[in-house]
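Observations on the model geometry
One letter stands for each residue in the lines below.
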Number of protein chains: 2
Amino acid sequence: MSEKSKSEEIYRQACEVIPGGVSRNTVFRKPFPHYADRASGCYITDIDGTERIDFANNMAALIHGHAHPAIVDAVTRQIQKGTAYTLASEIEVDFARLLSSRVKGFEKIRFVNSGTEAVMAMIKASRAFTGRPKIAKAEGTYHGTYDFAEVSQTANPSGWGDIDNPASVPLVYGTPQGVLDNVVIFPYNDIERTIAILDRHADQIACVLIDPVPHRVGLIPGTNEFIEAVYNWTRRNGALLVFDEVVTFRVNYGGAQERYNVSPDITALGKIIGGGFPVGALAGRSDVMKVLDPREPSLRFPHSGTFSANPVTMTAGYVAMDLFDREAVLKLNALTDRSLSQVREVIRVAGVPVSVTGAGSMFRFHLTPAPPVSYREAYQTKEAVAVINELLDYMYFNERILMINTFSCMFSTVMTQKETDRLSEGLLRAFRALKPKIENLQQK
Amino acid sequence: MSEKSKSEEIYRQACEVIPGGVSRNTVFRKPFPHYADRASGCYITDIDGTERIDFANNMAALIHGHAHPAIVDAVTRQIQKGTAYTLASEIEVDFARLLSSRVKGFEKIRFVNSGTEAVMAMIKASRAFTGRPKIAKAEGTYHGTYDFAEVSQTANPSGWGDIDNPASVPLVYGTPQGVLDNVVIFPYNDIERTIAILDRHADQIACVLIDPVPHRVGLIPGTNEFIEAVYNWTRRNGALLVFDEVVTFRVNYGGAQERYNVSPDITALGKIIGGGFPVGALAGRSDVMKVLDPREPSLRFPHSGTFSANPVTMTAGYVAMDLFDREAVLKLNALTDRSLSQVREVIRVAGVPVSVTGAGSMFRFHLTPAPPVSYREAYQTKEAVAVINELLDYMYFNERILMINTFSCMFSTVMTQKETDRLSEGLLRAFRALKPKIENLQQK
């Protein structure tokens with residue numbers, strides 16, 4: 001931190017016109033956030049000239065890192081022809097076909113502008129199809145900023161209630177009771193409790209919303225048994241099973257859902273499918289998606305969006321997902337696996353009570369010797385968060401590595417052994433430097 | 001319509017993977033929508049090679065038309081440096097300052113990805129600030145796809161109820177009662193009824209949501225008296241006055257709100273401020289916007305977004321709004337005024353019972369001799385919609401002019417007398433061709 005940091009001066013200006021000086025709380029950093037100047041591949045340089053390896057990739061949104069030449073070329077050509085029209089464009093059809101070809105259950109697709117919009121539209125489509133008002137979601141999962149989807153996202157011991165009947169805890173102050181009453185909360189991966197809870201609202205539930213590898217629950221995949229149990233419950237009770245794969249679609253060629261025996265009825269997408277531009281989508285069963293069809297004599301779900309399916313996002317997304325083919329997915333996951341072996345070795349060598357969870361091209365560290373198996377176990381005390389922030393600062397300032405602020409890494413296809421070596425070497429120094437503090441957390 | 005239209009073939013493919021074959025219902029057109037190939041300035045060319053004048057401008061989102069060279073240049077340079085980071089970027093601060101300098105009440109700004117997200121965040125901020133659950137909105141107004149904001153958007157005679165107590169009518173099938181119960185509906189520009197309705201929910205209302213020139217209510221500006229009466233009601237009752245200026249910010253240099261004596265507490269923005277890229281924003285009083293400040297010890301409204309304030313949108317938006325300075329606004333409004341005089345003359349010469357409403361750089365036609373003064377008056381029968389669609393088709397196919405499907409025109413700064421002449425000449429032929437059908441509507 002230079003005493004004459006340009007970022008510090010920009011932040012001072014930012015605070016005059018932006019609440020807290022940041023447009024996104026994720027980029028907030030004390031004493032001030034840093035401002036990006038440019039990025040290329042897996043390296044990002046701030047306006048003070050410091051280059052870092054980027055293991056955050058805009059919150060997991062950049063599967064090919066920054067400014068991939070093929071995406072830059074295609075988008076540059078499109079922009080010269082216009083960025084958005086009040087007409088359709090061919091590329092949206094090509095892109096819908098490409099995504100549809102990857103996953104059997106993606107029979108029909110509608111594009112929106114963000115993961116938040118995708119989850120909101122998916123929930124509204126579920127209600128429109130079933131005529132029912134409630135959704136069920138797991139305690140602690142993040143699904144964007146639609147208020148129904150964010151109930152109990154940050155539930156904590158003071159209000160989360162009995163595990164057999166978790167409370168619907170508002171995230172935002174002033175959330176209407178009419179929202180909370182329509183969201184049923186269950187404990188992730190806990191079959192018995194989840195089914196018992198769902199049963200109590202059986203004829204009211206439009207959909208059960210699942211993130212197959214929920215980040216805030218601990219980045220632990222849903223078990224086959226759990227996903228199948230929930231799926232079977234939805235079949236018996238006339239509800240839909242819907243997946244939020246905004247983050248997890250990167251996990252396999254066909255998303256995290258590829259590894260289960262059962263398929264969701266609708267899936268929300270976002271992040272990587274935009275090739276670096278704002279995007280969201282919902283994809284699923286033809287008969288369900290028909291609620292959006294403007295040709296229907298009685299249209300159940302009228303829906304539009306000024307920037308939805310704009311040709312810039314569609315072009316970038318098409319190129320990105322075309323490049324992220326089966327081979328690229330396997331190669332990226334293999335690199336991540338090797339990195340995972342390296343960091344597990346680092347944990348052993350450093351002798352710290354740290355564990356790591358994840359799937360595909362992402363992993364997350366926990367300051368506990370065994371990985372958590374539930375949200376309530378993964379829930380971090382203020383003391384743990386403080387140590388994590390020290391570790392993140394160590395990595396950021398000393399090792400020049402940018403990670404996601406949950407202490408997670410999201411890999412991109414342009415990374416190599418060089419970057420995973422730097423990651424493990426940096427982590428070794430960070431764990432050693434903060435070992436006493438990490439150990440101290442265990443003694444509480 | 002060529003028999004071998006490329007658009008027809010693309011649409012056939014689209015129907016296999018996209019519900020109804022369209023990503024946005026606004027671009028749907030029978031028997032098939034057309035696909036854009038390229039656009040420049042105020043001209044758009046479809047993939048069958050037909051060029052049209054664009055008076056739709058991506059649903060009012062393009063204030064400088066398509067592919068403005070200054071925007072193309074700036075965005076092309078930014079894309080080479082990356083499109084989105086897990087760091088802040090300077091351009092978001094510059095852009096926030098630029099917008100803040102235009103409107104006194106824009107003390108603090110937060111960027112999001114769409115008008116829908118902006119209105120949703122504005123409503124959530126209002127609840128977080130006041131601790132109250134309800135919003136009040138006008139019957140028939142469009143405010144994006146957040147379900148609270150879309151109540152009674154398309155209310156019709158079968159369900160809209162008594163004008164002294166309008167029903168909260170769901171737009172989407174399956175909307176929870178918990179949503180409807182938290183939305184109070186009032187008749188736009190009707191002071192006495194509105195105040196009486198608001199009074200019945202006085203201690204429950206977080207905000208009164210106003211579009212100052214609501215498109216679907218008839219594109220009639222809110223009267224000074226109405227806006228002041230609502231403002232004064234919110235002061236007396238501890239509620240916020242919030243404006244949706246997603247469409248109307250184009251009307252004056254400081255938005256449509258510039259012409260009133262009172263100011264909203266928060267304003268939602270979108271459309272033109274993105275320079276052609278996905279955007280939304282909320283701007284308003286520092287003390288209210290503080291609910292979003294991550295530095296607060298008790299953060300009332302935690303909020304983030306993967307693509308919010310991405311440097312591509314910020315760059316395009318900055319250039320677009322910097323070009324749309326006071327002089328450009330006045331020039332555009334003057335051009336629109338001249339066009340309005342021309343089309344009024346056309347209506348007179350054609351001798352059709354047609355009226356026109358609007359503000360700034362936008363106007364809308366109504367198939368009634370006098371313009372409607374309320375949503376219920378502006379509400380169109382199926383027969384009227386059918387004639388409007390014939391007029392739109394006449395303009396589109398015969399005159400090669402693209403308008404918004406409510407029979408509206410949204411002007412851009414790159415238009416000239418040449419395009420307004422073609423508009424009025426085209427309208428004269430369209431009105432003459434459909435005169436009997438237009439007149440026939442009056443006799444019902």
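The rules behind the values
Residues numbered from 1 in each chain as written. Chains lettered and ligands numbered in written order. Predicted model: local features only at pLDDT ≥ 70, side-chain atom pairs only at ≥ 80, totals over all residues. Heavy atoms only, no water. Helix = DSSP H or I, 4+ residues; strand = E, 2+ residues; numbered from the N terminus. Expected span 1.5 Å × (residues − 1). Buried < 20%, exposed > 50% of the residue type's maximum accessible area, 1.4 Å probe, protein only. Pairing = 2+ DSSP bridges. Axes fitted to C-alpha atoms, helices over the stretch in contact; angles between N-to-C directions. Salt bridge = Lys/Arg side-chain N within 4 Å of Asp/Glu carboxyl O. pLDDT = per-residue confidence, 0-100. Polar contact = N/O pair within 3.5 Å; in protein donor to acceptor, adjacent residues only side chain to side chain. Contact = heavy atoms within 4.5 Å. Domains from an automatic or database assignment. Buried area = accessible area lost by both parts, 1.4 Å probe. Nonpolar A, V, L, I, M, F, W, Y, C, P; charged D, E, K, R; others polar. Least-squares fit on C-alpha atoms with pLDDT ≥ 70 in both. Parallel < 35°, antiparallel > 145°, perpendicular 65-115°, else oblique. Left-handed = near helix turned anticlockwise from the far one by under 90°.

As for helix 5 (residues 115-130) of chain B
Two residues of an α-helix separated by three or four positions point the same way, owing to the 3.6 residues in each turn. Residue and element names in this part refer to chain B. When the terminal C-alpha atoms of helix 5 are compared, their 22 Å separation across 16 residues agrees well with the 22 Å that a helix rising 1.5 Å per residue should span. With respect to burial, helix 5 is a largely interior element, 14 of its 16 residues being buried. Positive backbone phi, at 70 degrees, marks G131, one or two positions downstream of helix 5.

Details of the sheet that holds strand 15 (residues 408-410) of chain A
Residues and elements named next belong to chain A. The sheet built from three strands is open, its strands ordered 12-13-15 with antiparallel pairing. In this open sheet, the two edge strands, each paired with only one partner strand, are strand 12 (355-359) and strand 15. The mean inter-strand angle of the sheet, taken between neighbouring strand axes irrespective of direction, is 15 degrees. Sheet topology places strand 12 next to strand 13 (residues 362-366); five bridges connect them, and they run antiparallel.

Focus on the pattern of salt bridges
Oppositely charged side chains can pair when the atoms bearing their charge come close. Residue and element names in this part refer to chain A. For the coordinates displayed, the defined rule picks out 34 salt bridges over all chains. For E9, the salt bridge is made with R12, and the minimal N-O distance between the two is 2.9 Å. Of this pair, E9 and R12 are both found in helix 1 (residues 6-17), three residues apart, which corresponds to roughly one turn of the helix. Classification of E9 by relative accessible area gives partly exposed; the value is 34%. Among the residues examined, R12 registers a relative accessible area of 45% and is labelled partly exposed.

A closer look at the confidence of the model for chain A
Confidence along chain A averages 97 in pLDDT terms, with 99% of residues attaining 70 or more. Both confidence scores are given for the complex: pTM 0.98, ipTM 0.97.

Focus on the side chain of T86 of chain B
Mapped onto the fold, T86 of chain B is located in the loop between helix 3 (69-79) and strand 4 (88-89). Polar contacts involving the side chain of T86 of chain B include one to the main-chain amide nitrogen of M59 of chain A, which spans 3.3 Å. Residues contacting T86 of chain B, with those up to four places away along its chain left out, are R24, V27, A56, N57, N58, M59 and L402 of chain A.

Focus: the domain arrangement of chain A
Residue and element names in this part refer to chain A. When the domains of chain A are assigned, the result is domain 1 (35-63 + 326-441) and domain 2 (69-323). When each unit is reduced to the centre of its C-alpha atoms, the spacing between domain 1 and domain 2 is 26 Å. The junction of domain 1 with domain 2 conceals about 2,500 Å² of combined surface from both sides, 61% of it contributed by carbon and sulfur atoms. Among the residues of domain 1 in contact with domain 2, M362, Y375 and R376 are the three that bury the most area, contributing 32% of the side total. On the surface where domain 1 and domain 2 come into contact, there are one salt bridge. In this structure, E139 and R376 form a salt bridge, with 2.7 Å as the shortest nitrogen-oxygen distance. Between domain 1 and domain 2 we count 16 residue pairs in polar contact (both at pLDDT 80 or more) in total. Mapped onto the side of domain 1 that touches domain 2, the elements with two or more residues apiece are helix 2 (57-60), helix 11 (326-350), strand 12, strand 13, helix 12 (375-378) and strand 15. In terms of residue class, the side of domain 1 that touches domain 2 is made up of 18 nonpolar, nine polar and three charged.

Things to note about the sheet that holds strand 2 (residues 43-46) of chain B
The mixed open sheet is built from five strands, whose spatial order is 4(A)-1(B)-2(B)-3(B)-14(B). What marks the edges here is a single partner per strand, and that holds for strand 4 (88-89) of chain A together with strand 14 (401-402) of chain B. Across two bridges, the pairing between strand 3 (residues 51-54) of chain B and strand 14 of chain B is parallel. Directly across from I53 of chain B, in strand 14 of chain B, lies its bridge partner I401 of chain B.

A look at the relation of the copies chain B and chain A
Note: a rotation about an axis with an accompanying shift along it relates these two copies of the chain. When chain B is fitted onto chain A, the two copies agree to an RMSD of 0.0 Å after a turn of 180 degrees and an axial shift of 0.0 Å. The two molecules are tied by a two-fold rotation axis, judged by turn and shift. If distances are taken from each C-alpha of chain B to the rotation axis, the shortest is found for G178 of chain B, at 1.9 Å. Of all interface residues in chain B, 99% are interface residues in chain A too; the two copies therefore contact each other through one and the same surface.

A word on the interface of chain B and chain A
Accessible area lost upon the coming together of the parts is a frequently used measure of interface size. Counting from both sides, the interface comprises 108 residues of chain B and, opposite them, 107 residues of chain A. Per-residue buried area on chain B facing chain A is highest for T86, L87 and F307 of chain B; these three make up 8% of the total on that side. On the surface where chain B and chain A come into contact, there are four salt bridges. Between K124 of chain A and E150 of chain B there is a salt bridge, with its nearest N and O atoms 2.6 Å apart. Applying the counting criterion to the chain B and chain A interface returns 54 residue pairs in polar contact (both at pLDDT 80 or more). In terms of residue count, the dominant contributor to the side of chain B that touches chain A is helix 1 (residues 6-17) of chain B (seven residues). Of the strand pairs in this sheet, strand 4 of chain A and strand 1 (residues 35-40) of chain B are connected by two bridges, and their pairing is parallel. What sits directly across from S89 of chain A, in strand 1 of chain B, is A36 of chain B.

With respect to the packing of helix 13 (residues 382-398) of chain B against helix 14 (residues 417-442) of chain B
Residue and element names in this part refer to chain B. Where helix 13 contacts helix 14, the axes come no closer than 9 Å and their chain directions differ by 155 degrees. Between helix 13 and helix 14, the interaxial angle falls into the category roughly antiparallel. Relative to helix 14, the crossing made by helix 13 is right-handed. Residue-level inspection shows E383, A384, V387, E390, L391, Y394 and M395 of helix 13 in contact with helix 14, the latter providing L423, G426, L427, R429, A430, F431, A433, L434, K437, I438 and L441. Taken together, the residues of the contact of helix 13 with helix 14 sort by class into 13 nonpolar, one polar and four charged.

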